[in-house]
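# Coordinates in review
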Amino acid sequence: MKTPRFVAVSIVLTLAGAALAAYAADASANWTEHCAKCHGPDGKGQTKMGKKLGLRDLADAKVQAKFTDADALKAMKSGLTDDKGKTTMKAAEGLSEEEMKALVPFVRALQK
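Below is a short write-up of the structure.

Between helix α4 (residues 69-78) and helix α5 (residues 97-109), the shortest axis-to-axis distance is 9 Å and the interhelical angle comes to 130 degrees. The angle between the axes of α4 and α5 places the two elements in the oblique class. Note that α4 runs across α5; the crossing there is right-handed. Residues D69, A72, L73, M76 and K77 of α4 pack against E97, M100, K101, L103, V104 and R108 of α5. When the residues that make up the contact of α4 with α5 are grouped by side-chain class, the tally is six nonpolar, no polar and five charged.

Encoded structure:
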């Protein structure tokens with residue numbers, strides 16, 4: 001017979017797993033809606049806009065090693081500019097802080 005504590009732990013773990021799956025699905029949907037136009041679905045930046053802006057290949061381990069999770073979050077919040085002050089990435093509009101934070105591990109998972 002299962003103890004009440006075991007049942008409670010099982011329920012909590014099940015709910016946590018479902019929440020994590022939903023969290024990942026939201027990140028994927030947000031990537032598709034807000035990021036893939038430039039970065040591409042695979043993060044390689046081989047879209048028309050990505051090539052025009054000279055985007056780095058986010059699937060490349062060497063590229064990923066050059067920025068921290070905090071750098072990625074800051075780029076989403078504030079956008080990026082080049083040396084001349086030209087905007088190379090707009091801030092992610094319409095995303096909450098939590099949604100932006102969820103995109104960081106999504107981007108890390110693009111690494112091949």
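Here the narrative resumes, following the displayed structure.
Let's shift gears to the nonpolar core. In terms of nonpolar packing, the biggest core is built from 17 residues, with W31, L58, F67, M76 and L103 touching the most fellow members. If you list the elements that add at least two residues to this core, you get α1 (4-39), α4 and α5. A per-element tally of this core places α5 first, with five residues. The contact partners of F67, leaving out residues within four places of it in the chain, are R56, L58, A72, V107 and R108.

So, how was this worked out
Note that residues are indexed from 1 along each chain, following the sequence as it is written. Local features in this predicted model are restricted to residues of pLDDT 70 or higher, and side-chain atom pairs are both shown and tallied only at a pLDDT of 80 or more, whereas totals for entire chains, interfaces and linings draw on every residue. For side-chain calculations, the full set of non-hydrogen atoms in the structure is used, while hydrogens and water are omitted. For helices, the fitted axis covers only the stretch in contact; all axes are lines through C-alpha atoms, and the angles between them, taken along N-to-C directions, range from 0 to 180 degrees. The secondary structure listing takes helices from DSSP runs of H or I that are at least 4 residues long and strands from runs of E that are at least 2 residues long, numbered from the N terminus. An angle counts as roughly parallel when it lies under 35 degrees, as roughly antiparallel when it exceeds 145, as roughly perpendicular when it falls between 65 and 115, and as oblique in every other case. The handedness criterion is simple: a crossing whose near helix is rotated anticlockwise from the far helix by less than a right angle is left-handed, and one whose near helix is rotated clockwise is right-handed. The contact rule is simple, with two residues in contact once any of their heavy atoms fall within 4.5 Å. When residues are sorted by character, Ala, Val, Leu, Ile, Met, Phe, Trp, Tyr, Cys and Pro go into the nonpolar class, Asp, Glu, Lys and Arg into the charged class, and all the rest, Gly among them, into the polar class. The definition of a nonpolar core used throughout is a set of buried Ala, Val, Leu, Ile, Met, Phe, Trp, Tyr and Cys residues joined through side-chain atoms within 4.5 Å. The cut-offs for exposure are 20% and 50% of the maximum accessible area for each residue type, with area from a 1.4 Å probe on protein chains only; residues under the lower value are buried, those over the upper are exposed, and the others partly exposed.

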